[in-house]
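Architecture and fold: a report
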Amino acid sequence: MAPATGDAPAAATDRRWLVLVVVAIAQLMVVLDSTIVNIALPSAQRSLGFANSDRQWVVTAYALAFGSLLLVGGRLGDMFSRKWVFITGLAGFALASALGGAAVSFEMLVAARALQGAFGAILAPSALGTLVSTFQDPRERGRAFGVFGSVAAGGGAVGLILGGALTQYLSWRYTLYVNLVFAVIAIVGALVYIRSNRSATRPRMDWPGAILACAGLFLIVFGFSHAETAGWTAAVTIGSLVAGAAVLAGFVLAEQRVGHPLLPLRVILDRTRGGAYVAVFLSGIAIFGVFLFLTYYMQLIKGDSPFTTGLLFLPLIGCILISSNTSSIVLLPKVGPRALIASGMLLGLIGMAYLTRLTATSSYLSGVLPALLVMGVAFGLIFAPAINTATAGVQREDSGVASALVNTMQQVGGSIGTSALSTIALTATTSYLVAHHTGALAQATAAVHGYTLAFTVSAGLFALGLILAIVLLPSRHRLEELRAEAAAITPAPAAAQTAPAPESAPVPVMEPALARAAGPATATHLETHAIPVALLCCSPVINASPRSPVAPPL
């Protein structure tokens, strides 16, 4: 019997790391879906015969469902067993992928993409919550989320290459069918290795808040997406944006008056977390500008294939991998979020400014690669520390919603960036052609002019982010003070020492002895890990503007 007892801790440890493998596979599936589907979009268009003006909805349907339902998905993970919420998200995502792969019409494909987004909104927060509840030791948790973040960034690179290969050598349908393989493996692993647990005090679903949040985010994203095809002055565009803002204002008012709000305002009104959310939002807008217009440039202007384009983006992904892990594990405890995120914003500004120098005859090595390297470092410095800071100090019952809000800011930012920057670039391209309509390179030069204007706007966003990071985000010393205050406000374990808690009581945020051993940097349960979910932004929206006179042959 003795050996069995001695093997128990090792078995428990092995189970934890096997859980990490299962969650990483699910994360890889979500990241792959973003890159693969976008690269395959032109082939799907030729197969199903839909118009250029409809093409954006294959991307937007996913973003609308994912972004608008993330808060609900995060709350579902707090309410029910994360294991079964996780499995439900996987199964639904797989079924939606199968539906999309078998699509016989444009409408069927768009419906499948919307279902993918809905189940992705359930899957992403539950995956994060599973890791948080599985890895209680701060050092193990740091390593686990380092692996998780590497999968998020590296998965984007794999998707770029795999998507190009599947599209060129098999069919665009396989870019959706491949999700079934990952989903089946992850579901089996979840059934075997993830334990079902449920909080003794289940939060309630704030249905009025959920409806208002979903409707408001939907209208905002729809308004920006509609602007890409109809323009900013169209009645539907203006009406959607105004109505979305009004509904979100109503959501804020409603959250102040309910006992169990979907989004407790304490999560976002904190200056530190609010600044981090803004950093994720602005960076989400800018990073889509990098992928969107550099993809156009490399495929349309330089004539590279989808597979080659994926390879050319690898330096950016590699720098994100290195920078995100270094910033979250090594630098954040030493210099704090303000210095890291502000430095990332400055580097992003420099990289975008460098891209404004592009011409139709620029080479990849001199015109694109230096900017990719600089911005890869920039995004790693921004996202990992920002998401760490955005989820720091939240109460355990709010952890799912706090993580979901990070994804919401990223997705909404990316959707807004795609639509707004595409409209800006298109307008600039059209104006340039009117003034310079002759010459062998007129079309290419006009297109690059539109791209560089989009890069200029993105550079301005990074400049704004730099200012806000300096003003809003805390220094290392201030962050330590905030952590100490948060630890002082969480005295529940001390009270529990006088009367033992029942076995069904929820696990405390962190045992006092563990908090003391880990130091002030790990005083709360979400402060020790960077949750690099926003590295999903490295999945490019390779989606030509349907109104563009020079839509790239992807």
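Residues numbered from 1 in each chain as written. Predicted model: local features only at pLDDT ≥ 70, side-chain atom pairs only at ≥ 80, totals over all residues. Heavy atoms only, no water.

**Considerations on the overall build of the chain**
Regarding its fold elements, the chain presents 18 helices and zero strands. Residues classed as buried in the chain amount to 57% of the 554 residues present. Within the chain, residue pairs in contact and separated by at least 24 positions form 84% of the contacts whose partners lie at least 6 positions apart. When the accessible area of the chain is evaluated, it comes to approximately 20,700 Å², of which 69% is carbon and sulfur surface. (Helix = DSSP H or I, 4+ residues; strand = E, 2+ residues; numbered from the N terminus. Buried < 20%, exposed > 50% of the residue type's maximum accessible area, 1.4 Å probe, protein only. Contact = heavy atoms within 4.5 Å. Areas by Shrake-Rupley, 256 points an atom, 1.4 Å probe, with all protein chains shown as cover.)

**Details of the side chain of Ser323**
Topologically, Ser323 is positioned in helix 12 (residues 314-355). In this structure Ser323 touches Gly376, Val377, Gly380 and Leu381, once residues within four positions along its chain are discounted.

**A word on the layout of surface pockets**
The computed volume of the second largest pocket comes to approximately 440 Å³. For the lining of the second largest pocket, the secondary-structure elements that each account for two or more residues are helix 7 (207-230), helix 8 (235-255), helix 9 (265-269), helix 10 (271-301) and helix 14 (399-435). If you tally residues by element for the lining of the second largest pocket, the top one is helix 14, at five residues. A per-class count over the lining of the second largest pocket returns 17 nonpolar, two polar and no charged. (1 Å grid on protein atoms, 1.4 Å probe; cavity = no way out; pocket = protein on both sides within 12 Å on 5 of 7 lines; lining within 4 Å. Points joined across faces, edges and corners; volume = space filled by probe spheres on them. Nonpolar A, V, L, I, M, F, W, Y, C, P; charged D, E, K, R; others polar.)

**Focus on a nonpolar patch on the surface**
Together, Leu18, Val21, Trp84, Val184, Val188, Leu191, Val192 and Tyr193 line one region of the surface with nonpolar side chains, adding up to about 690 Å² of accessible area. Secondary structure elements with two or more residues in the nonpolar patch: helix 1 (2-48) and helix 6 (174-193). Per-element tally for the nonpolar patch: the top contributor is helix 6, with five residues. Here Val192 shows up in helix 6. (Patch = residues over 30% accessible without salt bridge, like charges linked within 9 Å, V, L, I, M, F, W, Y side chains within 5 Å. Salt bridge = Lys/Arg side-chain N within 4 Å of Asp/Glu carboxyl O.)

**Section: helix 3 (residues 82-101)**
Taking 1.5 Å of rise per residue, 20 residues should cover 28 Å, and helix 3 covers 28 Å from first to last C-alpha, within 8% of that figure. Of all 20 residues in helix 3, 14 are buried; the element is thus mostly enclosed. (Expected span 1.5 Å × (residues − 1).)

**Regarding the environment of Ala213**
With respect to the helices and strands, Ala213 occurs in helix 7. Distance in space between the C-alpha atoms of Ala213 and Val72 is 8.8 Å, their sequence separation being 141 residues. Setting aside residues no more than four positions away along its own chain, Ala213 makes contact with Leu71, Leu248, Phe251 and Leu262.

**Some words on the packing of helix 12 against helix 13 (residues 364-390)**
It is at 4 Å that the axes of helix 12 and helix 13 come closest, and there the two elements cross at 145°. Along the lines of polarity and charge, the residues of the contact of helix 12 with helix 13 split into 30 nonpolar, 14 polar and no charged. (Axes fitted to C-alpha atoms, helices over the stretch in contact; angles between N-to-C directions.)

**A closer look at the confidence of the model for the chain**
Overall, the predicted model of the chain reaches an average pLDDT of 74, with 74% of residues at or above 70. Scored below 50 in pLDDT, residues 1-8 makes zero contacts in the model with residues more than four places away or belonging to other chains. Below pLDDT 50 for its whole length, residues 490-554 participates in 168 contacts with residues either more than four positions away or in separate chains. (pLDDT = per-residue confidence, 0-100.)

**Here's the deal with the packing of aromatic side chains**
Applying the stated criterion across every chain, the model contains six aromatic pairs. When the ring of Phe50 is compared with that of Phe106, the centres are 4.9 Å apart and the planes differ by 45°; the resulting orientation is tilted. With Phe50 in the loop between helix 1 and helix 2 (52-79) and Phe106 in helix 4 (residues 106-134), this pair connects stretches of sequence that are 56 residues apart. There is no split in this pair, since Phe50 and Phe106 are both buried. With a centroid separation of 5.8 Å and an interplanar angle of 40°, the aromatic rings of Phe293 and Tyr451 are classed as tilted. Taken as a pair, Phe293 in helix 10 and Tyr451 in helix 15 (residues 442-472) lie far apart in primary sequence, 158 residues in all. By way of ring pairs, the aromatic residues Phe293, Tyr451 and Phe455 are connected into one cluster. Across from the ring centre of Tyr354, 4.8 Å away, lies the NZ or CZ of Arg357, which sits over that ring. (Phe/Tyr/Trp six-rings, centres within 6.5 Å; stacked < 30°, edge-to-face > 60°. Lys NZ or Arg CZ within 6 Å of the ring centre and 35° of its normal.)

**Regarding the packing of helix 3 against helix 6**
Interaxial distance between helix 3 and helix 6 falls to 8 Å at its minimum, and their mutual angle equals 160°. In terms of their interaxial angle, helix 3 and helix 6 are classed as roughly antiparallel. By crossing handedness, the relation of helix 3 to helix 6 is classed as left-handed. Across the interface between the two elements, Lys83, Trp84, Phe86, Ile87, Leu90, Ala91, Phe93, Ala94, Ser97, Ala98, Gly100 and Gly101 of helix 3 pack against Leu176, Tyr177, Asn179, Leu180, Ala183, Ala186, Ile187, Ala190 and Leu191 of helix 6. Partitioning the contact of helix 3 with helix 6 into residue classes produces 16 nonpolar, four polar and one charged. (Parallel < 35°, antiparallel > 145°, perpendicular 65-115°, else oblique. Left-handed = near helix turned anticlockwise from the far one by under 90°.)

**Re the nonpolar core**
Note on soluble globular proteins: their nonpolar side chains tend to be buried together. Ranked by size, the top nonpolar core spans 68 residues in total, and within it Phe293, Leu294, Met352, Phe379 and Tyr451 carry the most contacts. Put simply, the parts of the chain that give this core at least two residues each are helix 2, helix 7, helix 10, helix 12, helix 13, helix 14 and helix 15. The greatest single-element share of this core, amounting to 15 residues, is contributed by helix 10. Apart from the residues lying within four places of it in its own chain, the contact partners of Phe379 are Ser283, Ile287, Val290, Leu316, Ile320 and Phe462. Among the nonpolar cores identified, the runner-up in size contains 34 residues, and Leu20, Val22, Phe86 and Ala190 belong to it. (Core = buried A, V, L, I, M, F, W, Y, C linked by side-chain atoms within 4.5 Å.)

**Overview of the environment of Glu107**
Checked against the element boundaries, Glu107 lands in helix 4. Each C-alpha atom of the pair Glu107 and Phe50 lies 9.5 Å from the other, and the pair is 57 residues apart in sequence.

**Describing the side chain of Ser362**
Along the chain, the position of Ser362 falls in the loop between helix 12 and helix 13. Judged by its relative accessible area of 13%, Ser362 is buried. Of note is the side chain of Ser362, whose polar atom sits 2.9 Å from the backbone nitrogen of Thr359. With residues up to four places along the chain from it excluded, the contact list for Ser362 reads Tyr297, Lys302 and Arg357. (Polar contact = N/O pair within 3.5 Å; in protein donor to acceptor, adjacent residues only side chain to side chain.)

**Remarks on the environment of Gly89**
Here Gly89 shows up in helix 3. You can call Gly89 buried: its relative accessible area is 0%. Placed 16 residues apart in sequence, Gly89 and Gly73 show a C-alpha to C-alpha distance of 9.4 Å.

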